[in-house]
Structures are given as C-alpha cells and as structure tokens.
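Fold and contact review
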Amino acid sequence: MSNSSGIERDSFSGRFAVVAAVAGSAIGLGNIWRFPYLTGENGGGAFLLVYLFFVVFVGIPVMTSEFVIGRATQRNPYGAFKKLAPGKPWYLIGIMGVAAAFMILAFYTVVAGWTLEYFYQSVAGNLSGKNDAELTQMFDGFVKNPFRPMLWFLVFMGLTAMINFSGVKNGIEKYTKILMPLLLILLIILCIRSVTLKGAAAGLTFLFRPDLSKINPQVILTALGQSFFSLSIGMGTLITYGSYIKKDENLASSASLVVASDTLIAVIAGIAIFPAVFALGGSAASGPGLVFIILPSVFQNMPLGIFFATLFFILLALAALTSTISVLEVIVAFMAEELNMARRKATIIATVSVSALGIITALSYGPLAGLKLAGKNVFELLEYLTSNIMLPLGGLFIVLFIGWFLNPELTKNELTNDGKFKGRFLPLFRFLVRYIAPVAIAAVFLYGLGIIKL
Ligand code: PHE
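Residues numbered from 1 in each chain as written. Predicted model: local features only at pLDDT ≥ 70, side-chain atom pairs only at ≥ 80, totals over all residues. Heavy atoms only, no water.

**Considering the packing of helix 13 (residues 290-300) against helix 14 (residues 305-338)**
Helix 14 packs onto helix 13 with a crossing angle of 145° between their chain directions and a minimal axis gap of 8 Å. Where helix 13 approaches helix 14, its residues Phe292, Leu295, Pro296 and Phe299 are matched on the opposing element by Gly305, Phe308, Ala309, Phe312 and Phe313. Grouping the amino acids of the contact of helix 13 with helix 14 by side-chain chemistry returns 8 nonpolar, 1 polar and no charged. (Axes fitted to C-alpha atoms, helices over the stretch in contact; angles between N-to-C directions. Helix = DSSP H or I, 4+ residues; strand = E, 2+ residues; numbered from the N terminus. Contact = heavy atoms within 4.5 Å. Nonpolar A, V, L, I, M, F, W, Y, C, P; charged D, E, K, R; others polar.)

What follows is the structure, given as structure tokens:
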C-alpha cells in the first residue's frame, strides 16, 4: 500500500535502526525499575514464570500485529484503524492509545526524573557511606520533597520534547543505537558484583525457584500488565513505530528479537538486584523505591563504586529517554496527522498538557499524598489503570482486529513482504492471534478483576 497522502514520510534507515529504536522504546524503566519491584512484591519466581508465559504467547503476537497495522497504513494508530476499517469503531483503540500515552508519560517521566536526582546525588558524592536504612530514608525524603521531584520531572519532559521536535531519523534513531549495548554491559557488571556477595544465593532462589502457591488473580493481572508495559504494546506505540519501518524489513523477526532483548534485560536486572537484596539485608517488597535503595548499596560494595553509580544512573536516564520519546510520539503523530498540526506545534501542546498532569503526579508522594482514589494516590492510579487495564484492553482489540476482522491476505503480505519470505510461522501466528492471545487476556481480566472465581 502506498502512502496516499503523497507526503514523503520519515522512516528508520535500516534493520539495525528499527530493532534499536523499538528496543529503545521497550527497554527502559519498565525493565530495570518496574520489573524488579513488581517481582519483589508478587512472589519472585512465580511472578517471573507467569510473566514469561504472557511475553511469549501474548506479547509477540500483539507486537507483530501492531507492526503489521502500522506499516500497512503508514499512519498513527487512530488514522491506521480509520484507514483499515472505515466507518467502524475500531479507531477507538487509537483514541484509548493516545489517552494511555498521556497517562503513562505523566508518571513514567516522574520516575525518569528520580534517576536524574540519583545521578546528581552520585556525582555530589551523597550515595557513598550510607547503610540500607539511610538509603531508604534518602529515597523517602526525596519523593516527599515538595519541589525536587517536580523539578526533575520538568527537566526530563523538556529533554523528551527536544528530541521529538526533530523527528524520527535525526531525533529518535540517533540516540538509541549506542546506548542500549552500553547499558547491557553495565548491568552485567552489576550482576557479577551482586551474585558474588555473601548470601547472594537466596536471591537467586527467590527469583528462579517459583513457589506456585504465590500465584493468585492479582499476581496474574500484574504480570500481564507488566508484559504489556515492558514491551511498549497495547497502545499503538508500535503501530506508530511500525509506520516508520521500511517495506523490506522482516516484521516478525524484528518483533521476536525485540521481545527477546527486552526480556533478557529484565531478567538481568533481576539478577543484579535480588541477590543483593538478600545479601545486604533489604526487603524484596520495598515497592517503587527498590532499585533506588538497593543498587546504591551494591555500588558501595564494589571498587570504583561512585564511578559505576554515576554511569549507571545516567544510562538509566537515557534508557528512559528512548522510551519517553516513543510515548510522546504517539500523541504527536496523532495530533500532527489527524488534527493537521505542524509537528513542532503538536510537540509543544502535548508536552505542556502532559506536564500539567505530571506535576500533580510528581507531588503524589509528597504534598498531594492525601489525594487518593480507591486507596491509590495519583501516581499509583495512573500506573494501575494504564498498565493493568488500558494496555491489555488495547492489546485484546488489536489481536481481535488482526485475527478476526482484517483480511488475512493483507497480514500475510506484510509478514512475508509480499511473498519474499516463506512465512512458515504464519499458521502459528494466526492461531495465536485468533485464539490463544485473546482468550488469555480476556480470562485474566475476568479472573484478575474478580469477575469470575475459579
Ligand atoms: N516499555 C517501556 C519501558 O519498559 C515503557 C513504555 C510503555 C514505553 C508503553 C512505551 C509505551 O520502560
């Protein structure tokens, strides 16, 4: 299908660039901050097991489907569904995606701001010589502060906007290519230090020996939500990025490669963190502060600790940046293409409005801690609604769309590049998008939200 608008559209420049950009979106705080803290709260190995199931049987099909929709239409999610299903309500998936992008950006960028604070603190020398209790106190004191979390949030929002300003190739692509490999190396160094601490084995047992009695509806729903969050799927981020992928790229193999790297990074982050938690006497269930409390302890226990801490927090911030730009891109592409706005104007309007919500979110462990709904503060509410509800719901409709609505020929053409590859996996893919993925998501919803009981 050619680009009917006739405007030369920006695209990624080649195979490595595509995988790097999509991996840049997928790999971020979701892997290094969120995966460990959720694993710690939800029973360790049991959570990991359920998570891996969803990554393979739901994550890969949804990601591949998003690529198909994006590349076939060369549009933002809303426009893509309008084009493939004119006059039908499927475009609502695109609207929900824009809403989810808005909400995710508002809390994700807050955590990205936390990484800047820790970068600053490590340069200032304040991360050394502190025990576990002091590091916990430092984290709590920081998130309760009425200014600092907001300030760092705004700095990070500004950085994100600056990159989106310049578009796909000059902005997004350039930054992702070198950073991910560097982060991987640093994480591996951390793993080595962590597993060689005295008493580390208990942490490996916690992470890799599933205690199946820990599995309950909440654990399953959280694992499903985390698989969507970590892979950047269910809200059209990868429809948007898919629309920048050239016609000669292999979509299914790119998706599998990204899913494999994303999962690897999450597991490696787990190996860096849990052995240290057990060896250094922290608590696995410390919540969102987990990595900010534990990793500084690990750095103190290694040679050149401050150097590594500084490098780590700056790389983590950059990994977060390649994710925030992909989230902002969903909103910008929508506004630019559907509301006919200039790209730059769209970027500014999106940034300013997300910032308004983000400021409230940044203060939700401090001055606005009392602002609660159903026992959750603004931060927790945004996190829960997007990750556990909106993304899986979006994913459910995306696979239903590909599996039951869209002409299978179109999917086949996209996945075989008009017959250039054999596509031996196609029957399996169809089976997954028609039955396995939708049934799994629907079942988790009904069970996890307490609508059915087993
Ligand atoms: N996947 C990103 C991460 O793990 C976060 C993200 C979620 C990005 C949804 C885009 C869309 O850090």
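Further notes follow.
**Description of the site of the ligand**
Close to the ligand lie 16 residues, the nearest being Ala26, Gly30, Tyr108, Phe229 and Ser232. Note that a nitrogen atom of the ligand is positioned 2.9 Å from one of the side-chain N or O atoms of Ser232. Here the ligand has 320 Å² of accessible area as a free molecule, and 100% of this is covered by the chains. Among the residues making up the shell around the ligand, the classes are represented as 7 nonpolar, 9 polar and no charged. (Near = heavy atom within 4 Å. Polar contact = N/O pair within 3.5 Å; in protein donor to acceptor, adjacent residues only side chain to side chain. Areas by Shrake-Rupley, 256 points an atom, 1.4 Å probe, with all protein chains shown as cover.)

**Digging into the side chain of Asn42**
With respect to the helices, strands and loops of the structure, Asn42 is situated in the loop between helix 2 (29-41) and helix 3 (45-73). Exposure remark for Asn42: the relative accessible area of 11% places this residue in the buried category. Excluding residues that lie within four positions of it along the chain, Asn42 makes contacts with Phe47, Val219 and Thr222. (Buried < 20%, exposed > 50% of the residue type's maximum accessible area, 1.4 Å probe, protein only.)

**Looking at the nonpolar core**
Ranked by internal contacts, the top residues of the largest apolar core, which has 157 residues, are Trp33, Trp114 and Phe312. For this core, the element with the most residues is helix 14, which contributes 19 residues. With sequence-adjacent residues up to four places away left out, Trp33 is seen in contact with Phe107, Val111, Trp114, Pro288, Val291, Phe292, Phe379 and Glu383. (Core = buried A, V, L, I, M, F, W, Y, C linked by side-chain atoms within 4.5 Å.)

**What to know about the packing of helix 5 (residues 91-123) against helix 7 (residues 148-165)**
Axis separation between helix 5 and helix 7 bottoms out at 7 Å; the angle between their running directions is 105°. Accordingly, the angle class assigned to the pair helix 5 and helix 7 is roughly perpendicular. Listed contacts from helix 7 to Leu105, Ala106, Thr109, Val110, Ala112, Gly113, Leu116, Glu117, Tyr120 and Gln121 of helix 5 are Arg148, Trp152, Phe153, Val155, Phe156 and Met157. Considered class by class, the residues forming the contact of helix 5 with helix 7 number 11 nonpolar, 3 polar and 2 charged. (Parallel < 35°, antiparallel > 145°, perpendicular 65-115°, else oblique.)

**Quick look at the confidence of the model for the protein**
Predicted confidence across the protein gives a mean pLDDT of 92, with 95% of residues reaching 70 or more. Counting contacts from residues 1-7, a segment whose pLDDT is below 50, to residues more than four positions away or on other chains yields 9 contacts. (pLDDT = per-residue confidence, 0-100.)

**Things to note about helix 6 (residues 132-144)**
Helix length check: helix 6, at 13 residues, gives a terminal C-alpha distance of 18 Å against a target of 18 Å (1.5 Å per residue), a fit within 8%. Those residues of helix 6 that fall on the buried side of the exposure criterion are Leu135, Met138, Phe139, Phe142 and Val143. The buried residues of helix 6 occupy an angular sector of 120° when projected down its axis, which confines them to one face. Opposite the buried face of helix 6, at more than 90 degrees from it, the exposed residues are Ala133, Gln137 and Lys144. (Expected span 1.5 Å × (residues − 1). Arc of directions from axis to C-beta.)

**Focus on the packing of aromatic side chains**
One pass over the structure, following the stated rule, counts 35 aromatic pairs. Judged by centre distance (6.4 Å) and plane angle (10°), the rings of Phe47 and Tyr51 are stacked. Here Phe47 and its partner Tyr51 are both found in helix 3, 4 residues apart, which amounts to about one turn of the helix. In this pair, the class of Phe47 matches that of Tyr51, namely buried. Measuring from ring centre to ring centre gives 5.8 Å for Trp114 and Phe292, while their planes differ by 75°; the resulting arrangement is edge-to-face. Of this pair, Trp114 sits in helix 5 while Phe292 is found in helix 13, placing the two residues 178 residues apart along the sequence. As far as burial versus exposure is concerned, Trp114 and Phe292 are alike and both buried. In this structure, Arg34 is placed above the aromatic ring of Phe229, and the distance from its NZ or CZ to the ring centre is 4.8 Å. The ring of Tyr91 is capped by Lys82, whose NZ or CZ atom sits 4.3 Å from the centre of that ring. (Phe/Tyr/Trp six-rings, centres within 6.5 Å; stacked < 30°, edge-to-face > 60°. Lys NZ or Arg CZ within 6 Å of the ring centre and 35° of its normal.)

**Notes on a nonpolar patch on the surface**
A contiguous nonpolar patch, built from Leu446, Leu449, Ile451 and Ile452 and spanning about 340 Å² of accessible area, is present on the exposed surface. Mapped onto the fold, Leu446 is located in helix 18 (residues 426-448). (Patch = residues over 30% accessible without salt bridge, like charges linked within 9 Å, V, L, I, M, F, W, Y side chains within 5 Å. Salt bridge = Lys/Arg side-chain N within 4 Å of Asp/Glu carboxyl O.)

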